[in-house]
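# Notes for the structure review
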Amino acid sequence: MEKTSVTSQPAPQAPSRPSRLPGRFARLPELAGPGFLPLGLFARLPLAMLTVGTLTLVTAVSHSYAIGGMAAGAVGIGSAVGAPVLGSLADRAGQRIVLLVAAVVNTLAVVGLLAAAYLTTGYGSEGEAAGVLIVAFLAGASCPQVGPMARVRWMALTTRNLSPAAANGARSVAANRADLDTALSYEGTADEVTFVLGPALVGVLASLVAPWLPLALAAVMTITLVPAFAVHPSQHAVVPAPRKPRTGVAPSNGQASIGEHSAQVPAQRRHRWAGAVVAVPVVAMVCMGTFFGATQNALSAFSAQYATAEIAGLLYAVMGLSSAVAALSVAFWPQRFSLASRWVAAALAMSVLSLLLLLPAGIWPMIFVLLILGIPVGPVMVTVFSIGGVVAPAGRMATVMTALASGIVAGTALGSYLAGQLAQTQGPGAAFVVSMAAAAGLLLLGVLTSLVMMRQPQG
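These numbers come from a predicted model, not from an experiment.

On to the overall build of the protein chain. Across its full length, the protein chain carries 18 helices and 2 strands. Buried positions account for 53% of the 459 residues belonging to the protein chain. In the protein chain, of all internal contacts separated by at least 6 residues, the share reaching a separation of at least 24 is 84%.

This is the structure we're talking about:
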């Protein structure tokens, strides 16, 4: 199979205008161009609505929690399988065409899911719901991966000047690295906001209007916002390199690939090193997803003891709020605080604070614990995505970013299952143990990454 590389090209410069964003974040519209931030935020919202929207719709029409859960699981499995495929295609063919096709296919799949849900005559067994499950899988598999694609664009826009020779004195290497930290911290916050906003929007629309409305709105957003994101001028920053690059020869335009800039080491040495550790951040994201899924399910069992299970979503949103704010703070962390050290420090705090989940004996104490626990969660996510950019082989940045996102989806399903089984048989305390184990796994992987990166060959 012929290898491809991704080169970083400057995006067309828009007329500069004063930014309303504070501090370092004011640089982001200058880097990506006008409109990119709201597009990147709202174009990923349909993905956050899809799983919960499917669960709500299918449960409502089938009157079966089991079938509704299976449909939501089919969406999750489809997303976990389809995301890396879309990422690989984007590495080879470019983001624009992949996102445009995915937007059309996903819109049709969601419309098909709505039709299948209401046209299915009986839900007496899983077999009768097979059509709904198949379409749900296709909807998940085709969902445009806006978040990972946005991260790839930020890496291209910021890392093109990471070498002193490329900077031409315009900005220092440290300043461009700070831009990348700022962009990735913003992306982590955007993910947290959509993870909270998406399910909340589904709940409001489904309860006040109709269970079909959230998915219908998601389809409309996909067919309008995703194409706008696909053709945004920032997409020119990441283009596929020629399919037959000559071995050992730099790209003809004199620009190094994103992977080469990210690692700051000779290409051949870095490739060998990246190949050995590229799976580590993916496994870490599985642990992160397991933490999310287990915490969600454990909170459902916990809240049922003191109020109603329905407020579990509000409790979980508290952790998402502090996580989002903490993710923004990563932009201001000092450059000498290395990625590996950040991972270990934040994961250690997450592991220790997760022990507090066993202590609350009421809703308000749990709110306080979740508010504190969320603080290290955002920085861990931002850092793991950054590490993924460092270890990604040249020409496979979108593949790695989408694999990281898929890891969260797969981990969420795993954590939900494990915690659900424990909560059913032994109560919420046992379910929270799954969250603690996932946090401990993140810490162990962070230590492993730190040891490996200390042995990283230097250029």
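The structure having been displayed, the exposition proceeds.
So, on to the packing of aromatic side chains. For the structure shown, the criterion picks out 5 aromatic pairs. Ring plane angle 85 degrees and centroid distance 5.1 Å describe the contact between F36 and W154, whose orientation is recorded as edge-to-face. Separated by 118 residues along the polypeptide, F36 in helix 2 (residues 36–42) and W154 in helix 7 (residues 146–159) bring together distant segments of the chain. Each member of the pair F36 and W154 is classed as buried. A ring pair is formed by F302 and Y306, whose centres lie 4.9 Å apart and whose planes are at 45 degrees; its orientation type is tilted.

A few words now on the packing of helix 15 (residues 339–354) against helix 18 (residues 428–454). Contact geometry for helix 15 and helix 18: axes closest at 8 Å, N-to-C directions at 160 degrees. Our classification of the angle between helix 15 and helix 18 gives roughly antiparallel. The way helix 15 lies across helix 18 gives a crossing that is left-handed. For the pair helix 15 and helix 18, contact is made by A340, W343, V344, A347, L348, M350, S351 and S354 and by M436, A439, A440, L442, L443, L445, G446, V447, T449, S450 and M453, respectively.

Let's shift gears to the environment of A26. Note on placement: A26 falls in the loop between strand 1 (6–8) and helix 1 (27–32). Separated by 156 residues in sequence, A26 and T182 place their C-alpha atoms 9.7 Å apart.

Here T449 is to be found in helix 18. Aside from chain neighbours lying at most four places away, what touches T449 is V280, W343 and I387.

With that out of the way, let us pick up the side chain of T295. Locating T295 in the fold gives a position in helix 13 (residues 279–306). Here F291 takes part through its backbone oxygen, which lies 2.6 Å from a polar atom of the side chain of T295.

The rules behind these values
Counting from 1, residues in each chain are numbered in the order their sequence is written. Reporting of local features is limited, given that this is a predicted model, to residues whose pLDDT is at least 70; pairs of side-chain atoms are given and counted only at 80 or more, and all residues count toward the totals for whole chains, interfaces and linings. The side-chain quantities take in all heavy atoms of the structure and omit both hydrogens and water. Secondary structure follows DSSP: runs of H or I at least 4 residues long count as helices, runs of E at least 2 residues long count as strands, and numbering of each begins at the N terminus. Buried residues are those whose accessible area, probed at 1.4 Å on protein chains only, stays under 20% of the maximum for their type, while exposed residues exceed 50% and partly exposed ones sit between those limits. Residue contacts are defined here by distance: any two heavy atoms, one from each residue, within 4.5 Å place the two residues in contact. Within 6.5 Å between ring centres, the rings of Phe, Tyr and Trp (the latter by its six-membered ring) count as paired, and their orientation is classed by plane angle as stacked under 30 degrees, edge-to-face over 60, tilted in between. The convention used is that axes are lines fitted to C-alpha atoms, helices contributing only their stretch in contact, and that angles between N-to-C directions extend from 0 to 180 degrees. Here the word oblique covers every angle except those under 35 degrees (roughly parallel), over 145 (roughly antiparallel) and from 65 to 115 (roughly perpendicular). Should the near helix be turned anticlockwise from the far one by less than a right angle, the crossing is termed left-handed; should it be turned clockwise, right-handed. Definition of a polar contact: a pair of N or O atoms within 3.5 Å, with one able to donate and the other able to accept a hydrogen when the atoms are protein atoms, and with sequence-neighbouring residues admitted only if both atoms are side-chain atoms.

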